[in-house]
Amino acid sequence: MKILICGKGGCGKSSITALLAIELEKRGYKVIVVDNDESNFGLHIQLGMELPKDFVLHFGGKKMVAEKLLKPKEGERSNVFGKGIRASGIPEDYMSKKGGISLLAIGKIRDFGEGCACPFNALSADFLRMLELNKGEFALVDTDAGVEHFGRGVEAGCNLILMVIDPSQESIRLAEKVSKISESAGKPLYYVLNKIDEETARFLLDSVDRNKVVSVIPEDKRVFKNCLVGEALDFELKGIGELADFLERKT
Ligand SMILES: Nc1ncnc2c1ncn2[C@@H]1O[C@H](COP(=O)(O)OP(=O)(O)OP(=O)(O)O)[C@@H](O)[C@H]1O
Ligand SMILES: [Mg+2]
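Keep in mind the model is a prediction, meaning the values are calculated, not measured. Here the residue numbers are simple positions, counted from 1 along each chain's written sequence. As a convention, the first chain written is A and the first ligand written is 1, with the rest following in written order. Only residues with pLDDT of at least 70 get local features here, since the model is predicted, and only at 80 or more are side-chain atom pairs given and counted; chain-wide, interface and lining totals rely on the full set of residues. The basis for the side-chain values is all heavy atoms of the structure; hydrogens and waters are excluded.

A.B. asks: When you look at the site of ligand 1 in this model, what are you seeing that I'm missing?
C.D. replies: Every one of the 20 residues lining ligand 1 counts as a neighbour, but Lys13, Ser14, Ser15, Asn194 and Asp220 are closest to it. Definition of a polar contact: a pair of N or O atoms within 3.5 Å, with one able to donate and the other able to accept a hydrogen when the atoms are protein atoms, and with sequence-neighbouring residues admitted only if both atoms are side-chain atoms. A distance of 3.0 Å separates an oxygen atom of ligand 1 from a polar backbone atom of Gly12. A distance of 2.6 Å separates an oxygen atom of ligand 1 from a polar side-chain atom of Ser15. Each accessible area value is a Shrake-Rupley result obtained with a 1.4 Å probe; residue values ignore everything except the protein chains displayed when judging cover. Compared with its free state, where it exposes 630 Å², ligand 1 has 82% of that area covered by protein. Throughout, the term near means that a residue has one or more heavy atoms lying within 4 Å of the molecule or strand in question.

A.B. asks: Hey, could you run me through the packing of aromatic side chains in this one?
C.D. replies: Centre distance and the angle of the planes are the two values used to describe a pair of aromatic rings. Ring geometry is summarised as follows: Phe, Tyr and Trp rings, the Trp one being its six-membered ring, pair when their centres sit within 6.5 Å, and such pairs are stacked at plane angles under 30 degrees, edge-to-face over 60 and tilted between the two. The full count for this structure, using the stated rule, is eight aromatic pairs. The interplanar angle of 80° and the centroid separation of 5.1 Å between the aromatic rings of Phe55 and Phe59 together place this pair among those described as edge-to-face. Note on classification: 1.4 Å probe, protein chains only; a residue is buried when its accessible area is under 20% of the maximum for its type, exposed when over 50%, partly exposed between these limits. The exposure class of Phe55 is buried, given its relative accessible area of 1%. Looking at Phe59, the relative accessible area reads 10%, which means it is buried. Measuring from ring centre to ring centre gives 5.6 Å for Phe55 and Phe127, while their planes differ by 75°; the resulting arrangement is edge-to-face. Here Phe55, found in the loop between helix 2 (43-47) and helix 3 (62-70), pairs with Phe127, found in helix 4 (residues 118-130); they are 72 residues apart in sequence, far enough to count as distant. A run of H or I in DSSP counts as a helix once it spans at least four residues, and a run of E counts as a strand once it spans at least two, with each numbered from the N terminus.

A.B. asks: So what exactly am I meant to see when it comes to the sheet that holds strand 9 (residues 189-196) here?
C.D. replies: The strands making up a sheet associate through backbone hydrogen bonding, with each pair oriented either parallel or antiparallel. A pair of strands is considered paired only if DSSP assigns at least 2 bridges between the two. Here eight strands make up an open sheet; going across it, the order is 4-5-2-7-1-8-9-10 and the pairing mixed. Edge strands, defined here as strands with exactly one partner in the open sheet, are strand 4 (96-98) and strand 10 (213-218). Taking the axes of each pair of neighbouring strands and ignoring which way they run, one obtains an average angle of 20° across the sheet. Pairing analysis gives five bridges linking strand 2 (residues 30-36) to strand 5 (residues 101-105), with the strands arranged parallel. Bridge assignment links Val33 to a residue of strand 5, and that residue is Leu103. The sheet strands contacting helix 1 (residues 13-26) are strand 1 (2-7), strand 2, strand 4, strand 5, strand 7 (137-143), strand 8 (160-165), strand 9 and strand 10, and the helix crosses strand 7 at an angle near 170°. Across the sheet, helix 9 (residues 240-250) touches strand 1, strand 7, strand 8, strand 9 and strand 10, and the angle it forms with strand 10 is around 160°. With axes taken as lines fitted to C-alpha atoms, and helix axes fitted only over the stretch in contact, angles between N-to-C directions fall between 0 and 180 degrees. Residues are treated as being in contact if the distance between any of their heavy atoms lies within 4.5 Å.

A.B. asks: Explanation requested: the nonpolar core in the structure shown.
C.D. replies: Side chains that are nonpolar tend, in soluble globular proteins, to be buried together. In these notes, a set of buried Ala, Val, Leu, Ile, Met, Phe, Trp, Tyr and Cys residues joined through side-chain atoms within 4.5 Å is what counts as a nonpolar core. Within the largest apolar cluster, 45 residues are counted, with the highest numbers of intra-cluster contacts made by Phe55, Ile90, Leu123, Phe127 and Met163. In terms of residues, this core owes the most to one element, helix 4, which gives six residues. If we ignore the near neighbours within four places in the chain, the residues touching Phe55 are Phe81, Ile90, Pro91, Tyr94, Leu104, Ala105, Ile106, Leu123 and Phe127. Counting residues in each nonpolar core, the second largest holds 37 residues, with Ile22, Val33, Ile217 and Val223 among its members.

A.B. asks: Would you mind going over the pattern of salt bridges with me for this structure?
C.D. replies: Close approach of charged atoms lets side chains of opposite charge pair. Every case where a carboxyl oxygen of Asp or Glu lies within 4 Å of a side-chain nitrogen of Lys or Arg is listed as a salt bridge. What the rule picks out here adds up to 14 salt bridges. When the shortest N-O distance is used, the salt bridge between Glu248 and Arg27 registers 2.9 Å. You can see Glu248 sitting in helix 9 and its partner Arg27 sitting in the loop between helix 1 and strand 2, a full 221 residues away along the chain. Classification of Glu248 as partly exposed rests on a relative accessible area of 28%.

A.B. asks: Help me understand the side chain of Lys187, please; the structure alone is not making it clear to me.
C.D. replies: Within the secondary structure, Lys187 is located in the loop between helix 6 (169-185) and strand 9. Note on charges: Lys and Arg go in the positive column, Asp and Glu in the negative column, and His and the chain ends are not counted at all. Here Lys187 occupies a buried position and makes no salt bridge, while the nearest side chain of opposite charge, Glu155, is found at 7.3 Å. Only 2.8 Å separates the side chain of Lys187 from the backbone oxygen of Cys158, close enough to count as a polar contact. Excluding residues within four positions of it along the chain, Lys187 makes contact with Glu155, Ala156, Cys158, Ile161 and Ser182.

A.B. asks: Just checking my understanding: could you explain the environment of Gly82 for this structure?
C.D. replies: Its place among the elements puts Gly82 in the loop between helix 3 and strand 3 (85-86). Taking the C-alpha atoms as reference points, Gly82 and Gly99, 17 residues apart in sequence, are found 29 Å from one another.

A.B. asks: Is there a simple way to think about the packing of helix 1 against helix 9 in this case?
C.D. replies: Geometrically, a packed helix pair is captured by the angle between its two axes and the distance between the axes. As a packed pair, helix 1 and helix 9 sit with axes 10 Å apart at the nearest point and diverge in direction by 65°. Relative to helix 9, the element helix 1 is oriented roughly perpendicular. The way helix 1 lies across helix 9 gives a crossing that is right-handed. Touching Ile16, Leu19, Leu20, Glu23 and Leu24 of helix 1 are Ile240, Gly241, Leu243, Ala244 and Leu247, all from helix 9. When grouped by side-chain class, the residues that make up the contact of helix 1 with helix 9 number eight nonpolar, one polar and one charged. The labels follow the angle: roughly parallel below 35 degrees, roughly antiparallel above 145, roughly perpendicular from 65 to 115, and oblique for the rest. Note: crossing handedness is left-handed where the near helix turns anticlockwise from the far helix by less than a right angle, and right-handed where it turns clockwise. Here the term charged refers only to Asp, Glu, Lys and Arg, the term nonpolar to Ala, Val, Leu, Ile, Met, Phe, Trp, Tyr, Cys and Pro, and the term polar to all other amino acids, Gly among them.

Take it as geometry only, folks, not as evidence of what the structure does.
Structural data, given as structure tokens:
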């Protein structure tokens, strides 16, 4: 199952991606984590892994991908993955591995004035569309903040969208927008409430469609501390087990 994780800036997308990947791996699944956030360099640390080489380099770099994927010949839908790709078919150079978790980073913005992230999202969209998973494999896609990735169709290849909602009006409003986008894309959408205490849980459950809420994750100092000192999020956190249970039921 391919799962897209989205939400507003700083809501906890990467933390939840890492916690969930580690939990699923403990349950015996193979997890391919796709780092689709071009401007954030923290996910690999939360996973306790090395940042792999940008996948975009395998296709000649950002400019080349822009030529191939953003300007395909008329009437043709360009696709650099041929008939399909499996996790085992991704060149080793572009994957970090730790136990049953593999990390792939689509591309990072590294230089001043190097241009937009559209080629990364285009590559990601094609990759996710063409990625074939074996039984017992999950793909978790950590996205950049907001909704730009939807504009490039990154969600099209995914089976399910998880939106992380933190206690803020911005998240509540974004939830409405994401709900409309996922409906028109025909993708099931579920919410994960994050950084929650009793009071914020009550307020959020009254503010968003509570039928979509599949997990409530508390604010926990360990997440904050590990992100500060740069350690993996390799501990049990309430709500993550429920989230993994839910995804297991969906497969
Ligand atoms: N459940 C939690 N309890 C406490 N702190 C949390 C929790 N979830 C996330 N955080 C903290 O919130 C901050 C943002 O988390 P994270 O980087 O995962 O968010 P993000 O949505 O991926 O951000 P970005 O939009 O920049 O990619 C980090 O300092 C992290 O430690
Ligand atoms: Mg992030």
